[in-house]
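These are the residues of each chain, in order.
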Amino acid sequence: GSGDMFQWHPICMTVGYMALMAEGTSIGRRISKARGLVERKNLIENHMWVFSLCFVLVGVGFAIIYRGKELKNKPHLTSWHGQVGFTAGIAMLLQTTLGFSLYYQLPAKLNLSPSVRSMLRPLHLYRAIA
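Since the model is a prediction, treat every value here as computed from it, not as a measurement. (Residues numbered from 1 in each chain as written. Predicted model: local features only at pLDDT ≥ 70, side-chain atom pairs only at ≥ 80, totals over all residues. Heavy atoms only, no water.)

Colleague: Provide a residue-level description of the overall build of the protein, including the pertinent values.
Modeller: Within the protein, the regular secondary structure consists of 5 helices and 0 strands. For the protein, the sequential pattern of α-helices and β-strands runs α-α-α-α-α. Along the longest, intermediate and shortest principal axes, the C-alpha atoms of the protein span 50 × 30 × 25 Å. Put simply, the protein has 130 residues, and 23% of those count as buried. Expressed as a percentage of contacts within the protein between residues at least 6 apart in sequence, the contacts between residues at least 24 apart total 68%. If you sum the accessible surface of the protein, you get close to 9200 Å²; carbon and sulfur atoms cover 68% of it. The positive charge centre, built from 14 side chains, and the negative charge centre, built from 5, are 9 Å apart in the protein. (Helix = DSSP H or I, 4+ residues; strand = E, 2+ residues; numbered from the N terminus. Buried < 20%, exposed > 50% of the residue type's maximum accessible area, 1.4 Å probe, protein only. Contact = heavy atoms within 4.5 Å. Areas by Shrake-Rupley, 256 points an atom, 1.4 Å probe, with all protein chains shown as cover. Lys, Arg positive; Asp, Glu negative; His and termini not counted. Charge placed at Lys NZ, Arg CZ, Asp CG, Glu CD.)

Here you go:
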């Protein structure tokens, strides 16, 4: 049953948020200090892959809790823990979406104005520090 899976929720969340997010942020901070385009590209790709894995683990952790509540017919997001966790997950989803859109140059492909595009990279950087 779902109770058998519950122990994976804190494991996924801890590894995702505390280990991988910390490592991804550390890699991200080194990007601006890269010596050359090859090192910069490698750091950006490592940053992206570490955060992708982080996103997957947090998603699995959320899915475990969601499924467990559904199977037990319990309401969702009734505790501060659940509400803060859900809010953090939404913020991470937005941050990840912005990061991927910058990596794949979607703002330019969508013909967003240069003034809007110039705000997106700093938003990705400063939103991550907040």
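More follows now that the structure is in view.
Colleague: Give a detailed account of the nonpolar core, specifying residues and quantitative values.
Modeller: Of all hydrophobic cores here, the largest spans 9 residues; its members are Met13, Leu20, Ile27, Ile31, Leu43, Val50, Cys54, Val58 and Met92. Secondary-structure elements contributing two or more residues to this core are α1 (8–31) and α2 (37–71). If we ignore the near neighbours within four places in the chain, the residues touching Ile27 are Leu43, Asn46, His47 and Val50. (Core = buried A, V, L, I, M, F, W, Y, C linked by side-chain atoms within 4.5 Å.)

Colleague: How would you summarise the environment of Arg29 if you had to cite specific residues and measurements?
Modeller: Position of Arg29 among the secondary structure elements: in helix α1. For Arg29, a relative accessible area of 53% gives the class exposed. As for Arg29 and Leu43, which are separated by 14 residues in sequence, their C-alpha atoms are 9.4 Å apart.

Colleague: Please provide a residue-by-residue account of the packing of α1 against helix α3 (residues 80–103), values included.
Modeller: Relative to each other, α1 and α3 sit at 45 degrees, their axes nearing to 14 Å. If you check the angle between α1 and α3, you find them oblique. When the axes of α1 and α3 are compared, the crossing they make is left-handed. For the pair α1 and α3, the contacting residues are His9, Tyr17 and Met21 in the first and His81, Gly85, Ala88, Gly89 and Met92 in the second. Tallied by class, residues from the contact of α1 with α3 come to 4 nonpolar, 4 polar and no charged. (Axes fitted to C-alpha atoms, helices over the stretch in contact; angles between N-to-C directions. Parallel < 35°, antiparallel > 145°, perpendicular 65-115°, else oblique. Left-handed = near helix turned anticlockwise from the far one by under 90°. Nonpolar A, V, L, I, M, F, W, Y, C, P; charged D, E, K, R; others polar.)

Colleague: Give me the lowdown on α2, citing residues and values where you can.
Modeller: Given a rise of 1.5 Å per residue, 35 residues ought to cover 51 Å, and the 50 Å separating the end C-alpha atoms of α2 matches this to within 8%. Along α2, the residues classified as buried are Leu43, His47, Met48, Val50, Phe51, Ser52, Cys54, Val58, Gly61, Ile64 and Gly68. (Expected span 1.5 Å × (residues − 1).)

Colleague: Tell me about the packing of α1 against α2, and name the residues and values.
Modeller: In the contact formed by α1 and α2, the axes pass within 8 Å of each other and the chain directions differ by 160 degrees. Overall, the two elements α1 and α2 adopt an arrangement that is roughly antiparallel. Viewed along their axes, α1 and α2 form a crossing whose handedness is left-handed. When its residues are assigned to classes, the contact of α1 with α2 shows 21 nonpolar, 8 polar and 3 charged.

Colleague: Could you give an account of α1, naming the residues involved and the relevant values?
Modeller: The end-to-end C-alpha separation of α1 is 33 Å, in line with the 34 Å expected for 24 residues at 1.5 Å each. Along α1, the largest kink reaches about 30 degrees and is centred on Leu20. Buried within α1 we find His9, Cys12, Met13, Gly16, Leu20, Gly24, Ile27 and Ile31. Considering only its buried residues, α1 is in contact with α2 and α3. (Bend = angle between axes of the 7 residues up to and from the residue.)

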